[in-house]
Amino acid sequence: MDDSKFFDNVSNIACDDMAATIIKGSRVSIAAAFFSMYAYNVLREQLENVDEFRFIYTSPKFTTDSGEKEKREFFIPKLNRESNLYGTEFEIKMRNEMTQRAIARECAEWVKKKATFRSNITMQGIPSFMTVSSENDTVLYNPLHEFSTSGIGCERGNFMCNSITKMSDVTAKNYLKMFDEIWNDKTRVQDVTDAVIEGFGSAYKENSPEFIYFMTLYHVFSEFLEDISDDVLPNEATGFKQSKIWNMLFDFQKSGALSIINKLEKYNGCIPADSVGLGKTFTALAVIKYYEMRNKTVLVLYPKRLAENWNTYRENYLNNPVADDRFNYKVLFNTDLSRSEEMSNGVYLDRLNWGNYDLVVIDESHN
């Protein structure tokens with residue numbers, strides 16, 4: 001006889017049935033991708049009375065390697081996938097209610113008393129499900145992709161179909177047996193309970209203004225940080241930071257030069273648009289020096305009236321403040337480019353081959 005029950009999480013919700021199934025003395029075992037304190041809050045009355053709560057992260061979370069890697073990369077030892085403790089992206093409404101600190105504190109205390117968390121440390125997949133065991137019965141909810149309000153059917157998530165089937169008897173006991181085998185295999189899972197408790201603690205502790213400031217910057221620029229790779233960061237092995245021009249720059253000009261290099265490598269173009277008097281020419285010279293030290297050829301286009309400036313920086317003149325850098329860029333008057341078969345600053349325009357240059361710098365002089 002088929003005693004299974006189907007929840008489409010639209011007209012009939014799985015979490016309502018879970019609330020009725022989890023009774024005093026139950027043992028709850030879950031294997032899922034996420035654990036959210038808001039799902040705990042929905043079932044708090046029931047979970048407070050269980051004898052034991054066991055949770056396996058189906059993919060590595062809070063493991064030693066992942067935390068260390070994040071700390072090296074961003075100086076914030078918390079991965080996005082682990083921040084789901086405080087609510088997934090589909091629990092924004094609950095997060096906006098500003099009750100996070102109270103729920104996090106209560107959930108942390110409950111974890112200390114009742115719960116144990118372990119994480120998959122292998123590349124092998126673990127099926128997602130939940131079992132509830134009591135003296136007389138064992139019940140299975142399958143699948144349970146994540147223990148969040150959307151995962152148990154209280155909120156709408158991004159699941160095309162978030163159906164859950166409830167089964168008991170032999171099938172449920174077989175799943176519980178599989179869970180126990182994984183739970184007790186130290187080669188497959190690692191205990192992360194302390195890390196989870198620490199994670200909840202960071203949600204309700206009083207943080208310094210400096211920490212809040214840096215966390216704000218991190219979240220504002222996190223997508224930018226994810227896009228950065230070694231391919232678009234300036235290569236300091238070239239020694240460009242030992243050049244004369246680099247050491248003449250103010251800090252804001254150095255930041256501008258690094259940003260320009262990043263944009264050139266990523267987008268093949270950049271427009272520095274600082275106000276008059278902020279030293280865009282010297283910033284551009286630092287960028288030019290970087291590419292010259294990478295054996296790149298550089299062409300500078302500028303209005304004829306600025307010829308003395310740009311020619312001075314590449315010649316060994318007494319009035320050249322960066323003569324030690326021995327710039328080797330080519331120069332042309334951009335006001336002559338509409339002509340043909342004529343010479344511009346010593347170069348015949350009809351012989352100009354744009355393919356010979358790796359970087360073209362255009363000084364528009366605010367036109």
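This section reports on the structure supplied with the text. Computed from a predicted model, the values in this text were never measured in an experiment. (Residues numbered from 1 in each chain as written. Predicted model: local features only at pLDDT ≥ 70, side-chain atom pairs only at ≥ 80, totals over all residues. Heavy atoms only, no water.)

## Quick notes on the sheet that holds strand β4 (residues 115–120)
The mixed open sheet is built from 8 strands, whose spatial order is β1-β7-β6-β5-β2-β3-β4-β8. Edge strands, defined here as strands with exactly one partner in the open sheet, are β1 (5–7) and β8 (189–191). Neighbour to neighbour, the strand axes of the sheet diverge by 20° on average, direction disregarded. Examined bridge by bridge, β1 and strand β7 (residues 164–168) share 3 bridges and lie antiparallel to one another. Note that in β7 the partner of K5 across the bridge is K166. Contacts between helix α1 (residues 14–21) and the sheet are confined to β1, β5 (129–133), β6 (138–142) and β7, with β6 contributing the most and set at about 165° to the helix. Where helix α7 (residues 169–183) meets the sheet, its contacts fall on β2 (27–32), β3 (52–57), β4, β5, β6, β7 and β8, and the angle it forms with β6 comes to roughly 80°. (Pairing = 2+ DSSP bridges. Helix = DSSP H or I, 4+ residues; strand = E, 2+ residues; numbered from the N terminus. Axes fitted to C-alpha atoms, helices over the stretch in contact; angles between N-to-C directions. Contact = heavy atoms within 4.5 Å.)

## Points about the pairing of β6
Counting buried residues along β6, 5 of its 5 residues qualify, which places the element largely inside the surrounding structure. Here β6 shows no split at all, with T138, L140 and N142 on one side and V139 and Y141 on the other all buried. Strand direction decides the pairing type here: β5 and β6, joined by 4 bridges, are antiparallel. Each bridged residue has a counterpart across the sheet, and for T131 the counterpart in β6 is L140. Linking β5 to β6, which pair antiparallel, is a turn of 4 residues. As judged from the 4 bridges shared by β6 and β7, these two strands associate in the antiparallel manner. Pairing of Y141 across the sheet is with K166, part of β7. (Buried < 20%, exposed > 50% of the residue type's maximum accessible area, 1.4 Å probe, protein only.)

## Side note on the sheet that holds strand β9 (residues 298–302)
With parallel pairing, the 3 strands of this open sheet are ordered in space as β10-β9-β13. The two strands at the open ends of the sheet, each matched to only one other strand, are β10 (330–333) and β13 (359–362). Sheet twist, expressed as the mean angle between neighbouring strand axes with direction ignored, is 20°. Examined bridge by bridge, β9 and β13 share 4 bridges and lie parallel to one another. By the bridge assignment, L299 is partnered in β13 with V360. Of the strands in this sheet, β9 and β13 touch helix α12 (residues 280–292), which is tilted by about 155° from β9.

## Topic: α12
Helix length check: α12 (13 residues) gives 18 Å between terminal C-alpha atoms against 18 Å at 1.5 Å per residue, within 8%. By the criterion of burial, α12 is predominantly enclosed, with 11 of the 13 residues buried. Of all the residues in α12, the buried ones are F282, T283, A284, L285, A286, V287, I288, K289, Y290, Y291 and E292. Structurally, α12 contributes buried residues whose contacts are with α10 (244–248), α11 (251–267), β9, α13 (307–313) and β13. (Expected span 1.5 Å × (residues − 1).)

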